[in-house]
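Residue-level listing of the chains:
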Amino acid sequence: MKKFLRKHFVKIIIACILLAIVVSIPFIFKQSNESLSYNNYTLSLTYNDNLKTIEGEEEVCYFNNSNNAFSSLYFHLYPNAFAEGTTSKVVSNNNFDKAFPNGASYGKIEILQVTDQFDSPLEFSVGGEDNNILEVVLPEILYPDESINIKISFVSSLPNANHRYGYGENTINIANFYPIACVYQDGEGFFTQPYHSNGDPFYSDVANYNVNLTAPSTFVVASSGEQISKVENDGETSYNICGEKIRDFCIVLSQKFEIFSTTVDGITINYFGYQGDKDMQEDVDFAGECVKTYNSLFGKYPYSVLNVVKANFVHGGMEYPNIVLISDSVSAKDYKYVIAHEIAHQWWYGVVGTNQYQHAWIDEGLAEYSTYLFFEEHDEYGLSYNNMISNALSNYKFFVQVYENVNGTVDTSMDRALDQFATEPEYVQLTYTKGVLLFDNLREMLGKDKFLKALKELYQDYAYQNISPAELIASLSSSSNRNLEKVIKSWIDGEVVIA
Ligand SMILES: [Zn+2]
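Residues numbered from 1 in each chain as written. Predicted model: local features only at pLDDT ≥ 70, side-chain atom pairs only at ≥ 80, totals over all residues.

Asker: Break down the domain arrangement of the protein chain for me, citing the residues and quoting the values.
Answerer: By a widespread convention, an interface's size corresponds to the accessible area lost as its parts come together. Split by domain assignment, the protein chain resolves into domain 1 (36–254), domain 2 (256–346) and domain 3 (366–492). On a C-alpha basis, the centroid separation for the pair domain 1 and domain 3 is 31 Å. With nine residues of domain 1 at the interface, the matching set in domain 3 holds seven residues. Of the residues that constitute the side of domain 1 that touches domain 3, the class distribution is three nonpolar, four polar and two charged. (Domains from an automatic or database assignment. Contact = placed C-beta atoms within 7 Å. Nonpolar A, V, L, I, M, F, W, Y, C, P; charged D, E, K, R; others polar.)

Have a look at this one:
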């Protein structure tokens, strides 16, 4: 009896251990699957070329990752910045003719309906400056760690503009076109700032995207995410495109595109140029070199595809996840430089995010500094690191001198919201140029190896998150084993006088 019991006792214990392992497996997977807490966007889009509209059905699965309970959710409606009579401008006055070569043109987004997942209507309103925000009243309070599914029907109409959102002679740029959830910041609430002509006035959380796009078959499609399938029917092509852990979704269409591709470190790089362009092989190879260099400097680009796309665009270039726009108005001399800068944003903006409206110096400073590092690694392009730094220094000093002469004083603080820079040159000098000088100064202090190691750790530790200035300072301090708070703060507060 005793023996029998002991034998069975052992069996029972083994069975219990096995049961415990089996039961805990889903939890082990659940905990390691970070994507469970990301928002999911399912977008069904139809592009109408006659009307220049995108009709969309959006289903958002929104996760409350905060410590607060929400009675409403808020979404940016960026296309309304392009409507007639807005307070905020989409370009500065001196760029107006370049952005609108055929005269003023307007765009907008109309919200047709908002429902819950069972198609029951939800109360919503469009408001804020220039109708830039959609508020959706939730049917019940959304507590921390809970999620809700919301369906939004919308129509976005594009202006005739060489902009992120607009159609031009060569490309149709469809970015910031759908309602995207406002970021909730603990203690500060939802971030609902309107558009601004300076910089990239965007801020979003990483999410998963499943997009179905239908467009006339005459167009070639470049976009964020990875193309999963493509079906042609009666002159129209439907694409299924998926993107995991990306913070926005951008589409560029053109009837003039020709694609050159290469593979680097297992990543497919596609270059979309205009048919007949001469340097497409060279441009795709260059883009590949950028990816390879940044992979080894900062850590690997975590997606399978990167699309580098020539487009009609008022500024030099623009970054979105898995896709960068390079303006067709950039000179041949500067073209590679712009490619290197925009690709660097895949690391600084795409993977490690920031509030680009509030702290533009972080992603612009790091992307511009990364461009310097690229050219330092590749002396075959003839741009030496030291020359680039001394040029940045003289540009910056010239800017300070001119502003002092004209205004009697100059504000050299960097950590300002986009609407707090008086002019576009002031924004550029204090985010890009002074950003580069700040990071070069840190490298001088720490030594190149230690500084690059700190950037690598920053990339690893803050992947798929949004980083604040305080977190940036803490991360660089801890990985370099040196308290950098005073130094970095004196740069961003404008106390350091650069002589
Ligand atoms: Zn940039």
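After presenting the structure, the write-up continues.
Asker: Any details on the nonpolar core? Residues and values, ideally.
Answerer: If you look at the biggest cluster of nonpolar residues, it comprises 126 residues, and the most contacted ones within it are Val 252, Ala 287, Val 309 and Ile 339. Looking at this core element by element, the count peaks at ten residues for helix α5 (residues 360–377). When near neighbours in sequence (up to four residues on either side) are disregarded, Val 252 contacts Thr 171, Ile 172, Asn 173, Ile 174, Ala 222, Val 309, Ala 311 and Leu 325. (Core = buried A, V, L, I, M, F, W, Y, C linked by C-beta atoms within 7 Å. Buried ≥ 20, exposed ≤ 12 C-beta atoms within 10 Å, placed from the backbone. Helix = DSSP H or I, 4+ residues; strand = E, 2+ residues; numbered from the N terminus.)

Asker: Would you mind going over the pairing of strand β20 (residues 305–311) in detail, with residue names and values included?
Answerer: A large share of β20 lies buried, amounting to six of its seven residues. With five bridges connecting them, strand β19 (residues 267–274) and β20 associate as parallel partners. Note on β20: the bridge partner recorded for Tyr 271 is Val 308. For the crossover that starts at β19, traverses helix α3 (residues 280–298) and ends in the parallel β20, the hand is left-handed. Examined bridge by bridge, β20 and strand β22 (residues 323–327) share five bridges and lie parallel to one another. (Pairing = 2+ DSSP bridges. Right-handed = clockwise from strand over helix to strand, strands pointing away.)

Asker: Quick rundown of the sheet that holds strand β9 (residues 172–174)? Include the residues and the values.
Answerer: Here we have four strands laid out as an open sheet, ordered β8-β9-β17-β14, and antiparallel in their pairing. Only two strands of the sheet have a single neighbouring strand rather than two, namely β8 (165–167) and β14 (220–223). Averaged over all neighbouring strand pairs, the angle between strand axes comes to 20 degrees, with direction disregarded. Looking at chain direction, β9 and strand β17 (residues 251–254) are connected through three bridges and run antiparallel. In the sheet register, Ile 174 faces β17, and the bridge partner there is Ile 251. (Axes fitted to C-alpha atoms, helices over the stretch in contact; angles between N-to-C directions.)

Asker: Please give an account of the sheet that holds strand β15 (residues 226–233) that cites residues and values.
Answerer: Sheet architecture is open: seven strands sit in the order β4-β7-β2-β1-β13-β16-β15, paired in mixed fashion. Strands at the two margins of the open sheet, each flanked by one partner only, are β4 (108–116) and β15. When strand polarity is set aside, the average angle formed by the axes of neighbouring strands in this sheet is 15 degrees. Pairing of strand β13 (residues 207–216) with strand β16 (residues 236–246), which is carried by nine bridges, proceeds in the antiparallel orientation. Following the sheet pairing, Tyr 209 is matched in β16 by Gly 243.

Asker: Which residues make up the packing of α3 against helix α4 (residues 332–344), and what values go with them?
Answerer: Axis separation between α3 and α4 bottoms out at 10 Å; the angle between their running directions is 40 degrees. It follows that α3 is oblique to α4 by the angle criterion. As α3 packs across α4, the resulting crossing turns out to be right-handed. Facing α3, whose interface residues are Asp 283, Phe 286, Ala 287, Cys 290, Val 291 and Tyr 294, α4 presents Lys 336, Ile 339, Ala 340, Ile 343 and Ala 344. When the residues that make up the contact of α3 with α4 are grouped by side-chain class, the tally is nine nonpolar, no polar and two charged. (Parallel < 35°, antiparallel > 145°, perpendicular 65-115°, else oblique. Left-handed = near helix turned anticlockwise from the far one by under 90°.)

Asker: Could you give me a rundown of the environment of His 378, with the residues and numbers involved?
Answerer: Locating His 378 in the fold gives a position in the loop between α5 and α6 (385–407). Between the C-alpha atom of His 378 and that of Cys 290, which follows or precedes it by 88 residues, the distance is 9.8 Å.

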